[in-house]
Amino acid sequence: MEIKDFCEKYNSPFYVFDFDKAVKRVDVIKSKLPSNAKLCYAIKANAFLLHAFKDIPDIFFEVCSEGELQICKKLHISPSQIVFSGVMKNPKMLEDAVSYGVETITIESLSHLNDLLAVLPDGKKQKVIIRISSGNQFGMSIENFYSCYEIIASRKNIVISGIHFFSGTQKKISKISEEIEYTENLIKEIKRKTQLDSLYIEYGPGLSFDYFGNNYEDNYSDLEEFSKMIQNSEIKYVVELGRYIASPCGEYFTKVCDKKTINNINYLILDGGINHINYYGQIMGMKIPPFSITNRTLEGEEKDYCICGSLCTVADVITKKVSLKEVEIGDILKFDNIGAYSITEGIYLFLSHDLPLVFGKQKEDYRLLRDSKSTYILNF
């Protein structure tokens, strides 16, 4: 079905997530990681891609909320593949994770540990990893790590299997190199001071994804550089990636609903906007995201356009200035590199617009994953 017909059958705006591309990207990433590293997908980047990933062997999934755990249950993801993380865990969440059989739970504070011990049944063995803070609200201090160790050392039903470290996203390789050195030295120190001798590192390198470049899909240079840094290490790694995996695996379709010229500026008004389109580093349309007109070949002389969304805020600018041939009302814009976070980080309740449809594409077959949903009831 051509995209014009698709847009007539299903009202824009909508997302399409390419499952084949997503699986291929995971396969390529896994092939480039060294033998001492396994891959973990942070599902907060895009939980819809779990439909594509759930049957991939030898991959973990980072879950950071009760809702994400429920998604994993609905998709029958093995609890042995789940790392239950997140800065806030209450006893109910921990109890649900334990009862589902989640193999690894991240401990971010002494309170987390005490709550877990309170709900852990006698005879039930639980693996945990301790998250070390990188200087923000996530994780705990080194001193608290040793306090956790002292508590756990006297227990037979809980074991520390590793440490967890993540400081942010879109990082430079030099910063990643510093963090690898820090965490490996920390592991060595812990081994000297405790009886923990087989710890692994769950590490989120925050590999940078080039949203606005032309060579984003086949450029794995940062991943390859990172793999070289850890390939000769005696320490095993679980490499946690979200944005880096999901970003190129999604498209967003939106229609031109109005056009006008004000003070010599040509405006295009779309039926979607910053409530659905969210690129890391995109502020007030100062960069040009990758997009194209999909329903026809543009004709006429080129002119500059300011492309805006449908929200009643001056911040709803997709790109402030882009040169295109004559665009008409009804033209369909396809935005690329939108597989990560746009589906969750947009301001979806603003103005009570309907939620956009979501499709999964596999071998040119389109599957409706979520129908359009009214949001006004949530604001009423």
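Residues numbered from 1 in each chain as written. Predicted model: local features only at pLDDT ≥ 70, side-chain atom pairs only at ≥ 80, totals over all residues. Heavy atoms only, no water.

**Some words on the overall build of the chain**
Put simply, the rule reads: Helix numbers and strand numbers start at the N terminus; a helix is a DSSP run of H or I with at least 4 residues, a strand a run of E with at least 2. The globule rule is 2.2 Å times the number of residues to the power 0.38, and the radius of gyration it is compared with is taken over C-alpha atoms. Buried, partly exposed and exposed residues are distinguished by accessible area as a fraction of the type maximum, computed with a 1.4 Å probe on protein chains only: under 20%, between the cut-offs, and over 50%, respectively. Two residues qualify as a contact provided that any one of their heavy atoms is within 4.5 Å of a heavy atom in the partner residue. Computed with the Shrake-Rupley method and a 1.4 Å probe, the accessible areas treat only the protein chains shown as cover for residues.
When its secondary structure is counted, the chain shows 11 helices and 17 strands. Its C-alpha atoms give the chain a radius of gyration of 23 Å, within 12% of the compact-globule value 21 Å for 380 residues. A principal-axis box enclosing the C-alpha atoms of the chain has dimensions of 75 × 45 × 40 Å. Relative to its full complement of 380 residues, the chain shows a buried share of 51%. Considering only residue pairs separated by 6 or more positions, the chain has 69% of its internal contacts joining residues 24 or more positions apart. Surface summary for the chain: the accessible area is close to 18,000 Å², and the carbon and sulfur share equals 49%.

**Details of helix 2 (residues 19-32)**
To be explicit about the condition: Multiplying 1.5 Å by the helix residue count minus one yields the expected span of that helix. Regarding the arc, it is the one traced by the directions from the helix axis to the C-beta atoms. For the purposes of these results, a polar contact is taken to be a pair of N or O atoms within 3.5 Å, where, inside protein, one atom must be able to donate a hydrogen and its partner to accept one; residues adjacent in sequence count only when each atom of the pair is a side-chain atom.
Compared with an ideal rise of 1.5 Å per residue, which puts 14 residues at 20 Å, helix 2 spans 20 Å between its outermost C-alpha atoms and is within 8% of the ideal. Burial in helix 2 covers these residues: F19, A22, R25, V26 and I29. The buried residues of helix 2 all sit within an arc of 125° when viewed along its axis, so they share a single face. Projecting away from the buried face of helix 2 at angles above 90 degrees are the exposed residues K24 and S31. If you check the start of helix 2, you find a side-chain oxygen 3.1 Å away from the backbone N of D20, and it comes from D18.

**With respect to the packing of helix 8 (residues 173-193) against helix 9 (residues 221-230)**
Inclusion rule: Axes here refer to lines fitted to C-alpha atoms; in helices the fit is confined to the stretch in contact. Angles between the N-to-C directions go from 0 to 180 degrees. Each angle gets one of four labels, with under 35 degrees taken as roughly parallel, over 145 as roughly antiparallel, 65 to 115 as roughly perpendicular, and the rest as oblique. In this scheme, a crossing is called left-handed if the near helix is turned counterclockwise away from the far one by less than a right angle; it is called right-handed if the turn is clockwise.
The interhelical angle for the contact between helix 8 and helix 9, taken along N-to-C directions, is 20°, at an axis separation of 11 Å. Here helix 8 is positioned roughly parallel relative to helix 9, judged by the angle of their axes. Judged by the twist between their axes, the crossing of helix 8 over helix 9 is right-handed. Of the residues in helix 9, those in contact with I173, I176, S177 and I180 of helix 8 are D222, E225, F226, M229 and I230.

**Topic: helix 7 (residues 142-153)**
A turn of α-helix holds 3.6 residues, and therefore any two residues three or four places apart point the same way. Over its 12 residues, helix 7 runs 16 Å from end to end, which matches the ideal 16 Å to within 8%, given 1.5 Å per residue. Where helix 7 is concerned, the buried positions are F145, Y146, C148, Y149 and I152. End-on view of helix 7: buried residues confined to an arc of 155°, all on one side of the axis. Set apart from the buried face of helix 7 by more than 90 degrees, the exposed residues are E143 and E150. Packed against the buried residues of helix 7 are helix 6 (110-119), strand 6 (126-131), strand 7 (158-166) and helix 8.

**Focus: the packing of aromatic side chains**
The test is simple: The aromatic pairing rule takes the rings of Phe, Tyr and Trp, using the six-membered ring of Trp, and pairs them if the centres are within 6.5 Å, calling planes under 30 degrees apart stacked, those over 60 edge-to-face and the rest tilted.
Under the counting rule described, the total for this entry stands at 20 aromatic pairs. Centre to centre, the rings of F14 and F359 are 5.6 Å apart; their planes meet at 80°, and the pair counts as edge-to-face. Remark: F359 occurs in strand 16 (residues 357-362) and F14 occurs in strand 1 (residues 14-18); sequence separation between them is 345 residues. A relative accessible area of 1% places F359 in the buried class. Arranged with centres 5.1 Å apart and planes meeting at 50°, the rings of Y15 and Y252 form a pair that is tilted.

**Overview of the environment of L270**
Looking at the element boundaries, L270 is found in strand 11 (residues 265-270). Considered as a pair, L270 and I176 are 94 residues apart in the sequence and their alpha carbons are 39 Å apart. With near-sequence residues (within four places) excluded, L270 lies in contact with T254, K255, V256, C257, I307, C308, G309, S310, I318, L333 and F335.

**Considering the sheet that holds strand 2 (residues 37-42)**
In a beta sheet, neighbouring strands pair by backbone hydrogen bonds and run either parallel or antiparallel. Let me state the cut-off plainly: Strand pairing is defined by DSSP finding a minimum of two bridges between the two strands.
Taking strand neighbours around the barrel as the criterion, the 8 strands line up as 2-3-4-5-6-7-8-9 in a closed arrangement whose pairing is parallel. Shown here is a sheet whose adjacent strand axes are inclined to one another by a mean of 30°, direction ignored. Taken together, the 4 bridges between strand 5 (residues 104-107) and strand 6 define a ladder with parallel strand orientation. In the sheet register, T106 faces strand 6, and the bridge partner there is I129.

**Focus: the environment of F253**
With respect to the helices and strands, the residue F253 is situated in strand 10 (residues 250-262). C-alpha of F253 to C-alpha of F291: the two residues are 38 residues apart in sequence and 9.5 Å apart in space. When neighbours within four sequence positions are excluded, F253 is seen to be in contact with I3, S12, P13, F14, V16, T294, I332, L333 and K334.

**Describing the side chain of Q282**
By secondary structure assignment, the location of Q282 is in the loop between strand 11 and strand 12 (291-293). On the basis of relative accessibility, which here comes to 18%, the residue Q282 falls in the buried class. A distance of 3.2 Å separates a polar side-chain atom of Q282 from the backbone oxygen of K287. Residues within four places of Q282 in sequence aside, it is in contact with F212, K287, P289 and I318.

**With respect to the side chain of H112**
Counting through the fold element by element, H112 comes out in helix 6. Looking at H112, its side chain comes within polar contact range of the main-chain nitrogen of E108, at 3.1 Å. Leave out the neighbours within four places in its chain, and H112 touches G86, V87, M88, K89, L94, T106 and I107.

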